[in-house]
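# Descriptive analysis of the structure
Residue strings, one per chain:
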Amino acid sequence: MDGVLRNRDGVLERLLHVEEEPVTVRAWVSGGAVRFRGEAAGEDVAAGGIERMRFALGVDHDLRPFQREFHRDRLLGPVIRRQPWLRPRRRAAPFEAFAWAVTEQLIDVERAFGIQRALVGRHGPRSVCGRLRDVPSSAAVARLSPAQVDACGLAPKRSIALIRAAREIASGRADLDRHEPTWERLRTVRNIGAWTLECLAFLGQGRDDQLPAGDLAFVKLVGRAAGLGRRATEEVVRRGGADPPA
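Source: prediction; values computed, not measured. (Residues numbered from 1 in each chain as written. Predicted model: local features only at pLDDT ≥ 70, side-chain atom pairs only at ≥ 80, totals over all residues. Heavy atoms only, no water.)

### Quick look at the nonpolar core
General note: in soluble globular proteins, nonpolar side chains tend to be found buried as a group. Membership of the largest hydrophobic core comes to 32 residues, with the highest contact counts inside it found for Phe 95, Phe 98, Leu 162, Leu 186 and Ile 192. Elements that contribute at least two residues to this core include exactly helix H4 (94–103), helix H5 (109–123), helix H6 (138–142), helix H8 (156–171), helix H9 (179–187) and helix H10 (194–204). In terms of residues, this core owes the most to one element, H8, which gives six residues. Here Phe 95 is in contact with Pro 136, Ser 137, Ser 138, Val 141, Leu 162, Ala 166, Ile 169 and Leu 176, once residues within four sequence places are set aside. (Core = buried A, V, L, I, M, F, W, Y, C linked by side-chain atoms within 4.5 Å. Buried < 20%, exposed > 50% of the residue type's maximum accessible area, 1.4 Å probe, protein only. Helix = DSSP H or I, 4+ residues; strand = E, 2+ residues; numbered from the N terminus. Contact = heavy atoms within 4.5 Å.)

### Quick word on the pairing of strand S3 (residues 21–30)
Strand direction decides the pairing type here: strand S2 (residues 11–18) and S3, joined by seven bridges, are antiparallel. If you follow Leu 12 over to S3, its bridge partner there is Ala 27. In this antiparallel pair of consecutive strands, S2 and S3, the connection spans two residues, and Glu 19 shows a positive phi of 50°. Bridging between S3 and strand S4 (residues 33–40) involves eight bridges; their strand directions are antiparallel. For Ala 27, the partnering residue across the bridge sits in S4 and is Phe 36. Counting the residues in the hairpin turn of S3 and S4 gives two residues, including Gly 31, whose phi is positive at 60°. (Pairing = 2+ DSSP bridges.)

### Section: a nonpolar patch on the surface
On the surface, Val 29, Val 34 and Val 59 cluster together to form a nonpolar patch covering roughly 230 Å² of accessible area. Counting through the fold element by element, Val 29 comes out in strand S3. (Patch = residues over 30% accessible without salt bridge, like charges linked within 9 Å, V, L, I, M, F, W, Y side chains within 5 Å. Areas by Shrake-Rupley, 256 points an atom, 1.4 Å probe, with all protein chains shown as cover. Salt bridge = Lys/Arg side-chain N within 4 Å of Asp/Glu carboxyl O.)

### Quick word on the pattern of salt bridges
All chains considered together, the criterion is met by 19 salt bridges. Among the salt bridges present, the one from Arg 26 reaches Glu 13, with a minimum N-O distance of 2.8 Å. In this pair, Arg 26 is assigned in strand S3 and Glu 13 in strand S2, connecting sequence segments 13 residues apart. Judged by relative accessible area, Arg 26 falls into the buried class, the value being 17%. Residues Glu 39 and Arg 37 are paired through a salt bridge, measuring 3.7 Å at the closest nitrogen-oxygen approach.

### With respect to the pairing of S2
For S2, a buried count of seven out of eight residues is recorded, marking the element as mostly surrounded by other parts of the structure. Here strand S1 (residues 5–8) runs beside S2; their pairing, made up of four bridges, is antiparallel. Each residue of the ladder has a partner; that of Leu 5, found in S2, is Arg 14.

### Some points on unusual backbone geometry
Its identity as a non-glycine residue notwithstanding, Glu 20 has a phi of 70°, on the positive side. Along the chain, the position of Glu 20 falls in the loop between S2 and S3. Among the residues examined, Glu 20 registers a relative accessible area of 72% and is labelled exposed. Notably, Asn 191 is not glycine yet its phi reads approximately 75°, a positive angle.

Here's what the structure looks like:
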């Protein structure tokens, strides 16, 4: 819905950048397996693009320990038994997960998709053929003015937060390969809180131990599933529905 992933006759197609070099990656199902092909100027870049696409689609995500533990769970068990192949979809790059989380703060999803499409359309790099666009990099966002981001539909205070965080990341002061130290540094940026950083961790860095517990969908679901008669708190969501000890 952000305009970067295309589906053409069952083939997923995406422009990515590895070390600033473009790579077009395609993925499709054949013979009961997911196949990938990367097209780039060099083999290393093509391989890097395929690795990112594999991460985004979750094909290497081993959920067997989770499935064994929750196979008979009242809520999760039926889904696990019916659809054991299900995997969480993630983002192909950590900064993409972070930036999109900022655009999704406290607004409805359709509006967030519109902001994302505008950022991609106005500031994302284009493929040689002109059909595909990628999410703008942290360096590209760091060079933007708040007014340019505002024009894509993001609230002014979140435009400033996104640009400030992008500058931290582009400069290397916040290294997205170093998880906890980077979360702590980004948390110092005003309007960057736990939910945004947990989205970065889970969707962009592959951290299964991190969950955006303040997400409206989760607090409603856990509150209903636990029979609380109300929305759950973030702490209760993190505990899986159990009330905290007195």
